[in-house]
Amino acid sequence: MFHVMDVLAASAARRAAGLEVVSFAAGQPSTPAPAPVLRAVHSALDSDLLGYTESLGLTPLREAIADLYRRRYGLAVDPTDVVVTTGSSGAFTLIFLAAFDVGDRVAMARPGYPAYRNALTALGCEVVELDCGPESRFVPTPAMLDALDEPPAGLIVASPANPTGTILTPDELADLARWCDAHGTLLISDEIYHGIEYGGPDRPTSCAWATSRESVVMGSVSKYFSMTGWRLGWMLVPRRYLRGIERLTANLTICPPAVSQIAAIAAFDDESIAECDAHVARYAANRAVLLDGLTSLGIDDIAPPDGAFYIYADVGALTDDTLSWCARVLTETGVAMAPGADFDTRTGHRTVRLSFAGSAADIERGIDLLGPVVRR
């Protein structure tokens, strides 16, 4: 299941009925694509045929993505190592199909993004959930992997993570990459929230390819670049997987959306980056507003929100069934939240995820509406 989609549907029905909705549920920016992207798409619509492209993506886009890694991380990435995909969701499906067989064991953090677990299960893999709580700052460690009966075929990590917002330090990510290389485990590093970080140099992000070119790195224009609906992602892939992925994507989607590819080339220029960095500054202000508001309500058992735009909070003092509680809160107040059952199969019944990607005014209004429910 992916229960947040039910929350979004219920929110839409409530809005359609003319009732107030303040949404903390959606995992997407509330801003449009950068202005250069919008100009590029208008130009493409007027002048381009928008037919099929190369299955692995347009060469100018692959070059622009490779250059992003040079500018952001100081990494030399060959554009031919970049695979452009139909959203990062498409990238995960492709690498799961290319790298894993039925029965393979793949590890991931719990709490973690449910689509990893759901897609792997659908493909016949065995998901091994690593219990990542406050004691490990909600991030997986080599010690957790050492405790398994045998090394898994794959390990999925996310930094900044959904739902917790936690960031693996460069040393933590490097340690995991080295462990995976030493044990024949494919590291899949979900880095789609890169660029959305808080805490300055005390909370840096790192790319898995800084340590191991045997890992797979996931990226996307969805979050930092504010382009969720454009359905465009990418991955950096070890050469041994490229031909298999090319055959798979040619059969599954032929190519990523042409108009999105053409427009996304402009997402990486200086004007777009400046616009996106301004969004991150707004998220940082919203983060402070939401943290202060939740604390005022007595909700302070929270995962470290180092990056992304989520607060993952334990509300076990209020309910032992956040699936039902979130539905009731939405009905009574119009405040929409994502129940933790999506992200944690064991303790999600007592947690919720709240997004602060909207406006500060909406966050303040949501806190006001939650007050009577929390204090009753």
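Residues numbered from 1 in each chain as written. Predicted model: local features only at pLDDT ≥ 70, side-chain atom pairs only at ≥ 80, totals over all residues. Heavy atoms only, no water.

Participant: Before we go on, may I ask you to explain the packing of helix α2 (residues 35-47) against helix α10 (residues 270-296) in this structure?
Facilitator: For any two helices packed against each other, one specifies the inter-axial angle together with the distance between the axes. Interaxial distance between α2 and α10 falls to 7 Å at its minimum, and their mutual angle equals 130°. Looking at the two axes, α2 sits oblique to α10. Facing Ala35, Pro36, Val37 and Arg39 of α2, the residues of α10 in contact are Glu271, Ser272 and Glu275. Residues that form the contact of α2 with α10 fall into these classes: three nonpolar, one polar and three charged. (Axes fitted to C-alpha atoms, helices over the stretch in contact; angles between N-to-C directions. Helix = DSSP H or I, 4+ residues; strand = E, 2+ residues; numbered from the N terminus. Parallel < 35°, antiparallel > 145°, perpendicular 65-115°, else oblique. Contact = heavy atoms within 4.5 Å. Nonpolar A, V, L, I, M, F, W, Y, C, P; charged D, E, K, R; others polar.)

Participant: How do you make sense of a nonpolar patch on the surface when you look at a structure like this?
Facilitator: Together, Leu97, Leu123 and Leu252 give the surface a local cluster of nonpolar side chains, amounting to about 240 Å² of exposed area. Judged by relative accessible area, which is 52%, Leu252 ranks as exposed. (Patch = residues over 30% accessible without salt bridge, like charges linked within 9 Å, V, L, I, M, F, W, Y side chains within 5 Å. Areas by Shrake-Rupley, 256 points an atom, 1.4 Å probe, with all protein chains shown as cover. Salt bridge = Lys/Arg side-chain N within 4 Å of Asp/Glu carboxyl O. Buried < 20%, exposed > 50% of the residue type's maximum accessible area, 1.4 Å probe, protein only.)

Participant: Which parts of the structure should I look at to understand the pairing of strand β3 (residues 105-110)?
Facilitator: Looking along a regular strand, one sees side chains alternate from face to face of the sheet. β3 sits mainly inside the fold: six of its six residues count as buried. Note: β3 against strand β4 (residues 126-131), six bridges, orientation parallel. Pairing of Arg110 across the sheet is with Asp131, part of β4. As for the winding sense of the linkage, the β-α-β connection from β3 through helix α5 (residues 114-122) to β4 is right-handed. As judged from the three bridges shared by β3 and strand β5 (residues 154-158), these two strands associate in the parallel manner. Bridging across to β5, Met108 finds its partner in Ile156. (Pairing = 2+ DSSP bridges. Right-handed = clockwise from strand over helix to strand, strands pointing away.)

Participant: Explain the packing of aromatic side chains here, please?
Facilitator: Ring pairs (aromatic) are described by centroid distance and by the angle formed between their planes. Using the criterion set out here, one finds 14 aromatic pairs in the structure. Pairwise contacts between aromatic rings join Phe92, Phe96, Phe100, Tyr113 and Tyr116 into one cluster. The ring of Tyr224 carries Arg72 above its face, with NZ or CZ at 5.3 Å from the centroid. (Phe/Tyr/Trp six-rings, centres within 6.5 Å; stacked < 30°, edge-to-face > 60°. Lys NZ or Arg CZ within 6 Å of the ring centre and 35° of its normal.)

Participant: Explain helix α11 (residues 322-333) here, please?
Facilitator: It helps to recall that an α-helix has 3.6 residues per turn; residues three or four apart then point in one direction. With 12 residues, α11 should cover 16 Å at 1.5 Å per step; its first-to-last C-alpha distance of 15 Å lies within 8% of that length. Listed in full, the buried residues belonging to α11 are Thr322, Trp325, Cys326, Val329, Leu330 and Thr333. Axial view of α11: buried residues confined to an arc of 135°, hence all on one face. Each element contacted by the buried residues of α11 is listed here: α1 (3-16), β10 (335-336), β11 (338-339), β12 (351-355) and α12 (360-375). Taken from the residues just after α11, Gly334 is the one with a positive phi, measuring 90°. (Expected span 1.5 Å × (residues − 1). Arc of directions from axis to C-beta.)

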